[in-house]
Each structure stands twice: as structure tokens, then as C-alpha cells.
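So the chains spell out like this:
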Amino acid sequence: MPKTEVYLDNAATTPMRKEALEAMMPYFIEQYANPSSIHGLSKSPRAAVKDARAAIAGTLNADPAEIFFTSGGTESDNWALISGMQLNESKGKHLIISSIEHHAIMETADYLKKHGYEVTKVGVDSDGVVKLDELRKAIRPDTTLISIMTANNEIGTIEPIAEIAKLAHEHGALFHTDAVQAYAHIPIDVKAMGIDMLSASGHKFGGPKGIGFLYVRKSIRLPPFMHGGEQENGRRAGTTNVPGIVGMAKAAELAHATMAEDNAKMAAIRDHYIQRVEEEIPYCRLNGHRTERLPGNANFSFMFVEGESLLMNLGMKRVYISTGSACASGSLDPSHVLLAIGVPHETAHGSIRVSMSPGTTMEEIDYAVDSLKAAVGTMRSLSPLYDDFVKKNRGA
Ligand SMILES: *Cc1c(COP(=O)(O)O)cnc(C)c1O
């Protein structure tokens, strides 16, 4: 049994990298000055923010002037969608998103709908890949923005972003991507992939919570969303979160430095988990694409099992997972992502996501599978429905 807790909920948030915390520390008490001040004390924090901006731009093949710091993924998504739709109103008011976006996109699109915009949600196939034919048909002359996530937070499927961006541009629309699960996890090159706007969040890759950024291609004059100051080149008001920015940039640099090795190791552990679950636990279904998925994500549905009960049962064994996305937990509706890929209601309720970090070990995963197998077995042994099902299946 592993010595400490087995944390497999890294898609909800990650612990901070120690080096990122250490990099932040001087900017709380010693170099506390406001980088927008004119006096000498502001020089050092201003330089730190400049370096952080350049470091983050470097990881994306972007220009530092294209990086705008925000309070996180949610704000970046709100800004990109709301201001992005305001930008080209003379061309039209039609927005396209996918049916598996994060709530930060879904609910912002709903807000826009209430305020006179039209929204089309494009479907995905059973692996969670956006249907490109359906997308092509959904594009209209008045479509000004298409927003499709780079990788899904629940099922880990990676979307064909470069192809989607190309489609958008062929029809004169802008392309935004919520890359909160993908940035600093898989390689992203905004120029090569044709991305116009991209959202990212520090706490999903070993940085602090409450800090993120929006990449906006230089030629796009995206209107401000937060008003009240000249920070971020006049595009995002609010006193600069210097420690947050420094910590996020440090975490991003560290993640990019070892990304290839980390991902090879995580994918091997993930595939071991998938293989063991499929071999040892009957009547399960892997959700998401088998190969085009985030290296640290595995999402399974188990028939005749309640996800919430599984979560609690595993928690008693100090294995921490998620039943979908943290934002959706607490509600009784099954995940919109699982429904969109065609998982039946009942089965969707019996789904759990494990999301690993580069530090996750084979020992931890084996312990998690052992615990999961025992928990599913116990819960099914108490289910009369399961009993009938197995008998019928044997007879067939
Ligand atoms: C976590 C997450 C967000 C929200 O980011 P915050 O920084 O927590 O606001 C948005 N989109 C996706 C895909 C996420 O996983």
C-alpha cells in the first residue's frame, strides 16, 4: 500500500511545483511593489512579469505581446467568447462550440444566447472527436467565432485543432480553443496550428490557483472584458498578480522542459491501468479516444455501480478520483460529455475519471486498480439487477 494518499484528480487541480512556489515567494513581502508604479521599487516586479510573459510566449511559439494574464481559465474563456463575439458584429452574431465544452464555455454561450447571439453546438462521435462534417455544415456567412477545446477535461480526447482552425479561417471566422487541459501537457504551437485565441490556467499544471492567460493573435483587436486600468497593454484591467504570474511561468517552463519523458511515462502507466481494468473488471467501457487522449487521463463507466458510491469507497482507501468534472459533481444530472458520446444515462452515472500527474507511480496505480476492483465487486454483489443481468448473460 502506498505511504501517502493516491491523488488521481489532477484534472481538477494539481499540487504546486515546489520550484514554482519558491519563485513566487520574493514577490509577496520583499518585492511587493506594484509593477505599474513609476518609482524604483516597481522595476524588479515589472521585470519579473516581463520575463514570465516571454517564457510563456516561448512555450507556444507566440509573441510576448500576445499573452494577456487573467484570473484563470474561466475568465479567459468568458473574455474570448464575449469580446470575440462583439468584435465582428458587422459580419454576424453566430457562434459555434462543441457539445462537450467545459461549463466555462457552455454557460458563457448560454449567456450570449440570452443577449441576442445565436449558438450552434456541434456534436462529437463515440470517441468524443468533433464531427468535422457537421461542423462544416454548421458554418454560416454570419459565423464569426468557433470555439472548440483542445482536449476534454472529462474523457481526455484530443481534438483535431489544426483542421478545425483551417475550416474556421476558410469561412472568415476566428478560432478560439479552451486549452486548459492541454497547455503544458501536450505540445501546442499557435502558429503551426492556426490558433487565434487560446485559454490556459496555472493550477492545472503545477502553478498557483487564480491565475491564467489568454493568448490573442496580434492582428486581433479583442476588446477588453475587465475595465478600470491600463494593465496588460490596456486590455485587461486589475492590479497585476505578480506572484501568480511568476509561479505560473515557472511551472510552465518546468512542464515543457520534461514534457516528452513525462508523457511517455504517464501514458505507459495509464495504459497499464486501462489494460488491468478491462481485463479484471467485467462490464466496463472506456470513455474517450483510445490513442488520441491526454497521457494522464482514463475515464471508465461501470455498469450497475454508482459513481458517487465508488468515489466514497475509494476515498476510504485514500484513493482520490472524480466522477466527472468537479464543477458537475453535486448535481444529479449525468455528465453532458458522457451523454454526448452516447453513454446511456444509467451507465453514465457509474463513471469515474482518474487523472494522473508526472509523479504518479505504477505502485499507486496498481493499488488504485486493486481498490477499484474490490469496490465494484462489493457494490455489484449487493445489486439484484446485476445478479439478474449476469444470469441472463450466461444463459444467452
Ligand atoms: C479547469 C478548467 C477550466 C477552468 O479553469 P479555472 O482556472 O479553474 O477557472 C476551463 N476549462 C477547462 C477545460 C478546464 O479543465
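Rules used in this analysis
- Residues numbered from 1 in each chain as written.
- Predicted model: local features only at pLDDT ≥ 70, side-chain atom pairs only at ≥ 80, totals over all residues.
- Heavy atoms only, no water.
- Near = heavy atom within 4 Å.
- Polar contact = N/O pair within 3.5 Å; in protein donor to acceptor, adjacent residues only side chain to side chain.
- Areas by Shrake-Rupley, 256 points an atom, 1.4 Å probe, with all protein chains shown as cover.
- Helix = DSSP H or I, 4+ residues; strand = E, 2+ residues; numbered from the N terminus.
- 1 Å grid on protein atoms, 1.4 Å probe; cavity = no way out; pocket = protein on both sides within 12 Å on 5 of 7 lines; lining within 4 Å.
- Points joined across faces, edges and corners; volume = space filled by probe spheres on them.
- Pairing = 2+ DSSP bridges.
- Axes fitted to C-alpha atoms, helices over the stretch in contact; angles between N-to-C directions.
- pLDDT = per-residue confidence, 0-100.
- Nonpolar A, V, L, I, M, F, W, Y, C, P; charged D, E, K, R; others polar.
- Expected span 1.5 Å × (residues − 1).
- Buried < 20%, exposed > 50% of the residue type's maximum accessible area, 1.4 Å probe, protein only.
- Contact = heavy atoms within 4.5 Å.
- Left-handed = near helix turned anticlockwise from the far one by under 90°.
- Salt bridge = Lys/Arg side-chain N within 4 Å of Asp/Glu carboxyl O.
- Phe/Tyr/Trp six-rings, centres within 6.5 Å; stacked < 30°, edge-to-face > 60°.
- Lys NZ or Arg CZ within 6 Å of the ring centre and 35° of its normal.
- Patch = residues over 30% accessible without salt bridge, like charges linked within 9 Å, V, L, I, M, F, W, Y side chains within 5 Å.

Draft legend 1. Spotlight on the site of the ligand. Close contacts around the ligand come from 13 residues, with Thr 74, Asp 178, Gln 181, Ser 201 and Lys 204 the closest. Between the ligand and Lys 204 there is a distance of 2.8 Å, counted from an oxygen atom to a side-chain nitrogen or oxygen. Considering the ligand on its own, with 380 Å² of exposed area, one finds that the protein chains cover 87% of that surface. When residues of the shell around the ligand are assigned to their parent elements, the largest contribution, three residues, is made by helix α4 (residues 73-87).

Draft legend 2. Representation of empty space enclosed by the protein in the model. Within this structure, the stated rule accounts for two cavities of 30 Å³ or more. Considered as a void within the structure, the second largest cavity measures approximately 40 Å³ in volume. Lining the second largest cavity, in full, are Tyr 273, Leu 314, Val 319, Ile 321, Ile 352, Val 354, Ala 368 and Leu 372. Residue assignment for the lining of the second largest cavity shows that the elements contributing at least two residues are β12 (351-355) and α15 (362-381).

Draft legend 3. Layout of the sheet that holds strand β3 (residues 94-98). A sheet is described by the order of its strands in space; here seven strands give the open sequence β2-β8-β7-β6-β5-β3-β4, paired in mixed fashion. The sheet is open, and its two edges are formed by β2 (67-70) and β4 (118-122), each paired on a single side. The sheet shows a mean angle of 20° between the axes of neighbouring strands, direction not considered. Sheet analysis places strand β6 (residues 174-178) next to strand β7 (residues 197-201), joined by three bridges and oriented parallel. Each bridged residue has a counterpart across the sheet, and for Thr 177 the counterpart in β7 is Leu 198.

Draft legend 4. Main features of the confidence of the model for the chain. With 97% of its residues at a pLDDT of 70 or more, the chain shows a mean pLDDT of 96. When pLDDT is averaged over each helix and strand of the chain, the minimum, 87, is found for helix α16 (residues 384-395) and the maximum, 99, for β7.

Draft legend 5. A look at the layout of surface pockets. Space inside the largest pocket adds up to approximately 490 Å³. Taken together, 28 residues make up the lining of the largest pocket; nearest its centre are Thr 14, His 185, Met 356, Ser 357 and Pro 358. Grouping the amino acids of the lining of the largest pocket by side-chain chemistry returns twelve nonpolar, 13 polar and three charged. Empty space within the second largest pocket amounts to approximately 360 Å³. Lining the second largest pocket are 14 residues, and of these Val 49, Arg 53, Gln 231, Glu 232 and Asn 233 lie nearest its centre. Broken down by secondary-structure element, the contributors of at least two residues to the lining of the second largest pocket are α3 (43-60), β2 and α9 (231-234). With four residues, the top contributor of residues to the lining of the second largest pocket is α3. Residues belonging to the lining of the second largest pocket are distributed by class as follows: six nonpolar, four polar and four charged.

Draft legend 6. Focus on helix α11 (residues 259-280). With 22 residues, α11 extends 31 Å between its outermost C-alpha atoms, agreeing within 8% with the 32 Å of an ideal straight helix rising 1.5 Å per residue. Those residues of α11 that fall on the buried side of the exposure criterion are Met 259, Asp 262, Asn 263, Met 266, Ala 267, Ile 269, Arg 270, Tyr 273, Ile 274, Arg 276 and Val 277. At its buried positions, α11 is contacted by α10 (242-257), β9 (284-287), β10 (297-302), β12 and α15.

Draft legend 7. Layout of the packing of α3 against α10. Remark: α3 packs on α10, axes separated minimally by 9 Å, with the N-to-C direction vectors making an angle of 35°. Helix-helix and strand crossings are classified by hand; for α3 and α10 the assignment is left-handed. Residues Pro 45, Ala 48, Val 49, Ala 52, Ala 55, Ile 56 and Thr 59 of α3 lie in contact with α10, whose contacting residues are Val 242, Ile 245, Val 246, Met 248, Ala 249, Glu 253 and His 256. Across the contact of α3 with α10, the residue classes break down as eleven nonpolar, two polar and one charged.

Draft legend 8. How the structure looks around the pattern of salt bridges. If you walk through the whole model with that rule in mind, you get 16 salt bridges. Between Arg 53 and Glu 232 there is a salt bridge; the shortest N-O distance is 2.8 Å. Separated by 179 residues along the polypeptide, Arg 53 in helix α3 and Glu 232 in helix α9 bring together distant segments of the chain. Between Asp 133 and Arg 136 there is a salt bridge, and its shortest N-O distance comes to 2.9 Å. Residue Asp 133 and its partner Arg 136 are located together in helix α6 (residues 132-138), separated by three residues, close to a single helical turn. Put simply, Arg 276, Glu 280, Asp 366, Asp 370 and Lys 373 are held in one network by salt bridges that share partners.

Draft legend 9. Molecular detail of the packing of aromatic side chains. Using the criterion set out here, one finds nine aromatic pairs in the structure. Site record: aromatic cluster; members linked through ring pairs are Tyr 283, Phe 304, Tyr 386 and Phe 389. The residue whose ring lies beneath Lys 93 is Tyr 117, and the NZ or CZ to ring-centre distance is 4.8 Å.

Draft legend 10. Focus on the pairing of β12. Counting buried residues along β12, five of its five residues qualify, which places the element largely inside the surrounding structure. The alternating pattern of β12 places Ser 351, Arg 353 and Ser 355 and Ile 352 and Val 354 on opposite faces, both of which are buried.

Draft legend 11. Spotlight on α15. The terminal C-alpha atoms of α15 lie 28 Å apart, and with 20 residues this matches the ideal 28 Å at 1.5 Å per residue to within 8%. Taken together, the buried positions of α15 are occupied by Glu 364, Ile 365, Tyr 367, Ala 368, Val 369, Ser 371, Leu 372, Ala 375, Val 376, Met 379 and Arg 380.

Draft legend 12. Fine view of a nonpolar patch on the surface. On the surface, a nonpolar cluster with roughly 510 Å² of combined accessible area is contributed by Met 16, Leu 21, Met 25, Phe 28 and Ile 29. With respect to the helices, strands and loops of the structure, Leu 21 is situated in helix α1 (residues 18-24). Owing to a relative accessible area of 42%, Leu 21 belongs among the partly exposed residues under this scheme.

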